[in-house]
Amino acid sequence: MTTQFALSASARQEGMKQGSILDKFDPHIHDDNPPMDAAFLAGMQPSRRGRPKSETPKVEVKIRLDAKTVEHLRGSGPGWQTRVNALLGQLVANGQI
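The structure presented is a predicted model; accordingly, all values stated were derived computationally and were not measured.

S.K.: Would you explain the overall build of the protein chain in this entry?
M.R.: When helices and strands are tallied, the protein chain shows four helices and zero strands. Of the regular secondary structure in the protein chain, the N- to C-terminal order runs α-α-α-α. Of all 97 residues assigned to the protein chain, the portion counted as buried reaches 2%. A total of about 10100 Å² of accessible surface is found on the protein chain, and carbon and sulfur atoms cover 57% of it.

Right under this line is the structure:
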């Protein structure tokens, strides 16, 4: 099976050498792209993908808790980590811990 793949890959390479896509490119027909000159490249900005960066990012920590405590917290449903974070934040703000 590997030999067949290798043969078909080499056959494809031969086909590309004979009739390349670039042979069909005519700049008079395909002129809808802007010129890639220095002014165009200077105005380009990198695209941002995904979630925007937070001004106050969370810090990942590892903490060891009793199994019953974790079971109870997880049993409270989705968002339990957020609720624990909010409760700890309140305790810190009140000077209790």
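S.K.: Explain a nonpolar patch on the surface here, please?
M.R.: There is a patch of nonpolar side chains on the surface, built from Met36, Phe40, Leu41 and Met44 and spanning about 410 Å² of accessible area. Relative to the elements of secondary structure, Met36 occurs in the loop between α1 (2–18) and α2 (38–42). Given a relative accessible area of 59%, Met36 falls into the exposed group.

Rules behind the numbers
Residues numbered from 1 in each chain as written. Predicted model: local features only at pLDDT ≥ 70, side-chain atom pairs only at ≥ 80, totals over all residues. Heavy atoms only, no water. Helix = DSSP H or I, 4+ residues; strand = E, 2+ residues; numbered from the N terminus. Buried < 20%, exposed > 50% of the residue type's maximum accessible area, 1.4 Å probe, protein only. Areas by Shrake-Rupley, 256 points an atom, 1.4 Å probe, with all protein chains shown as cover. Patch = residues over 30% accessible without salt bridge, like charges linked within 9 Å, V, L, I, M, F, W, Y side chains within 5 Å. Salt bridge = Lys/Arg side-chain N within 4 Å of Asp/Glu carboxyl O.

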